[in-house]
Amino acid sequence: MNDSPETRNPKPSLSDILTHLGEDREQYFQAIAPPVIQTSNFAFPDLATFRECFSDELDHHVYSRGNNPTVEILRKKLAALEGTDDALVFSSGAGAVAAAVIGNIRAGEHIICQQSPYSWTSALLRKFLSRFGVEYTFVDGTDIQHIAAAVRPNTRILYLESPNTMTFECQDLAACAALAQKHGLVTIIDNSYCSPLYQNPAAFGIDIVVHSGTKYLNGHSDVVVGVLCANKAMVQKIFESELMTLGGILGPHDAAMVIRGLRTLPLRLQRSSENAQWLISRLEKHPKVERIWYPFHHSFPQLELAKKQMRGCGGLFSVQFKSDSMEKMETFIHRLERFLMAVSWGGHESLIIPTIGFYNIPGKPNASLPWTFVRFYIGLEDPEWLWEDLERGLEAL
Ligand SMILES: *Cc1c(COP(=O)(O)O)cnc(C)c1O
């Protein structure tokens, strides 16, 4: 939440990043809010500029599939938040994940991935890259020995998601980075759960940090956006290849929306975390609650690791309820009026995903979890107002 000394690049401060960094107001009438530079291309005043721009499209303005001034402000802020040299933004988190992975793999090579990543990350390996001769192994990443045992001579990428977003399994980032270095692997982490405020994986030696900016970073459930943070050479490589060729870029209007979202990130995350913890303190005393999943909860199996590498814990948690019938469970879900039943998270509004909804849909993930399991995201509302809704619903169980 604060300007932590743990970040690899502690200057500029969080306030500086969110209020000023990347914003050159002299360029646009001293406007406080950066303009949406809604243009596809940029004119060159002379040949010298033409040549200079074409020598480095990442940091000049040539064409908005590559770089755009509004998008560039966002890139600078995100890189500073993660403590990396640079950042790229994509039209979705899935696009950022795909660019990070595809940019570092060839046919015949092998990827190790923690066992339950975001569903479309799993699909990228299982359904998409497998068509191009890429091998993969999913491992229980809670134990570094399992990861070490999965390394093969052709392993190239170690893909992490810590915590993940249903059961919040964590990987030891420092240990993973050390293992990867030993075997020459590229490490990628999906850091969406923590946001850059609560965990900076680059500081532990992780090579590429990706985010679904759709979640906390934009924070208002109105933009789909992806983020990739890494050192300059890696960003340059992915820019020239996956970003420019696949073209999954973010438009300037969406970039301006995310810049606006970032202004309140610390406040929103703090509120969401406090609300979640307040509700957990009520839920854990409720007779119909079997188990709570939350990385900073005293019952969490990896509490010590979570506290070691995370500075905070956010608004996502899961609960396993006690229920002897699916009908009662469904009644409980249907009674909730203030929580919306929806995927995604990280916005202003509180949400639930009940795993009972996945039952009887063939091939859907998370059906391995019990039907009494509900993933909660707690937004910015009054927690007592949310608790009233939950208490009323729980009478059905
Ligand atoms: C939502 C999500 C994604 C995908 O991001 P989109 O912006 O929806 O494409 C990836 N990883 C995690 C952990 C997510 O929650």
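Student: Describe the pairing of strand β11 (residues 351–354), and please don't skip the residues or the numbers.
Tutor: With burial as the criterion, each face of β11 is covered, one bearing L351 and I353 and the other bearing I352 and P354. Summarising the sheet, β11 and strand β12 (residues 373–377) pair through four bridges and their orientation is antiparallel. By the bridge assignment, L351 is partnered in β12 with Y377.

Student: Please give an account of the site of the ligand that cites residues and values.
Tutor: Around the ligand sit 14 residues in total, of which G93, A94, D190, T214 and K215 are the nearest. Here an oxygen atom of the ligand sits 2.8 Å away from a polar atom, N or O, in the main chain of A94. Note that an oxygen atom of the ligand is positioned 3.2 Å from one of the side-chain N or O atoms of W345. Within the complex, the protein chains bury 91% of what would otherwise be the 380 Å² of accessible surface of the ligand.

Student: Residue-level account of the packing of aromatic side chains, with values.
Tutor: The full count for this structure, using the stated rule, is 14 aromatic pairs. A ring pair is formed by F321 and F332, whose centres lie 4.9 Å apart and whose planes are at 70°; its orientation type is edge-to-face. With F321 in strand β9 (residues 316–321) and F332 in helix α13 (residues 326–335), the pair connects residues that are 11 residues apart, well separated along the chain. The exposure classification of F321 matches that of F332, with both residues buried. An angle of 80° between the planes, with centres 5.7 Å apart, marks the rings of F339 and F376 as edge-to-face. Highlighted residues: F339 in the loop between α13 and β10 (340–341) and F376 in strand β12, separated in sequence by 37 residues. Of the two residues, F339 and F376, both sit in the buried class. Taken together, the ring pairs in this structure connect Y294, F317, F321, F332, F339 and F376 into an aromatic cluster. The ring centre of F138 lies 4.1 Å from the NZ or CZ of R126, which sits over that ring. Stacked on the ring of F128, the Lys or Arg R131 has its end atom at 5.3 Å from the ring centre.

Student: Account for the sheet that holds β10, with residues named and values stated.
Tutor: With mixed pairing, the five strands of this open sheet are ordered in space as β8-β9-β12-β11-β10. The sheet is open, and its two edges are formed by β8 (289–293) and β10, each paired on a single side.

Student: Any chance you could break down the environment of M329 for me, citing the residues and the numbers?
Tutor: On the secondary structure map, M329 appears in helix α13. The exposure class of M329 is buried, given its relative accessible area of 0%. Note: C-alpha distance between M329 and P354 (25 residues apart in sequence) is 9.3 Å. Residues within four places of M329 in sequence aside, it is in contact with F321, S323, I356, W371, T372, V374 and L397.

Student: Now, about the state of the cysteines: what can you tell me, with residues and values included?
Tutor: Tallied over the entire structure, the rule returns zero disulfides. Its sulfur unpaired, C113 is 11 Å from the next cysteine sulfur, which belongs to C176. On the basis of relative accessible area, C113 is assigned to the buried category, the value being 0%. The thiol of C194 is not disulfide-bonded; the next cysteine sulfur, from C313, is found 7.0 Å away. Residue C194 is classed as buried on the basis of its relative accessible area of 0%.

Student: For the domain arrangement of the protein chain, give the residues involved together with the corresponding values.
Tutor: Buried accessible area, meaning the area lost when the parts come together, often serves as the stated size of an interface. Segmentation of the protein chain into domains returns domain 1 (5–263) and domain 2 (265–394). Distance between the C-alpha centres of domain 1 and domain 2: 28 Å. Between domain 1 and domain 2, the contact holds 38 residues from the first and 38 residues from the second. One salt bridge in this structure joins D172 and K308, with 3.6 Å as the shortest N-O distance. At the boundary of domain 1 with domain 2, the tally comes to 18 residue pairs in polar contact (both at pLDDT 80 or more). Of all the secondary structure elements, the ones that give two or more residues to the side of domain 1 that touches domain 2 are α1 (14–19), α8 (195–198) and α10 (252–263). With four residues, the single largest contributor to the side of domain 1 that touches domain 2 is α8.

Student: Break down the pattern of salt bridges for me, citing the residues and quoting the values.
Tutor: In the structure shown here, the tally under the stated rule is 12 salt bridges. Across the salt bridge formed by D59 and K232, the nearest N and O atoms sit 2.8 Å from each other. Taken together, the positions of D59 in the loop between α2 (47–55) and α3 (69–82) and K232 in helix α9 (residues 232–246) put the pair 173 residues apart, joining distant regions of the chain. What emerges from the salt-bridge pattern is a single network uniting E23, R25, K77 and R263.

Student: Just give me the short version of unusual backbone geometry, but keep the residues and values in it.
Tutor: Note that the residue after S162, namely P163, is joined by a cis bond; omega there is -10°. Mapping P163 onto the fold places it in the loop between β4 (155–161) and α7 (173–183). A positive phi angle, close to 60°, is found at F29, a residue other than glycine. Position of F29 relative to the elements: it lies in the loop between α1 and α2.

Procedures and definitions
Residues numbered from 1 in each chain as written. Predicted model: local features only at pLDDT ≥ 70, side-chain atom pairs only at ≥ 80, totals over all residues. Heavy atoms only, no water. Buried < 20%, exposed > 50% of the residue type's maximum accessible area, 1.4 Å probe, protein only. Helix = DSSP H or I, 4+ residues; strand = E, 2+ residues; numbered from the N terminus. Pairing = 2+ DSSP bridges. Near = heavy atom within 4 Å. Polar contact = N/O pair within 3.5 Å; in protein donor to acceptor, adjacent residues only side chain to side chain. Areas by Shrake-Rupley, 256 points an atom, 1.4 Å probe, with all protein chains shown as cover. Phe/Tyr/Trp six-rings, centres within 6.5 Å; stacked < 30°, edge-to-face > 60°. Lys NZ or Arg CZ within 6 Å of the ring centre and 35° of its normal. Contact = heavy atoms within 4.5 Å. Disulfide = S-S within 2.5 Å. Domains from an automatic or database assignment. Salt bridge = Lys/Arg side-chain N within 4 Å of Asp/Glu carboxyl O.

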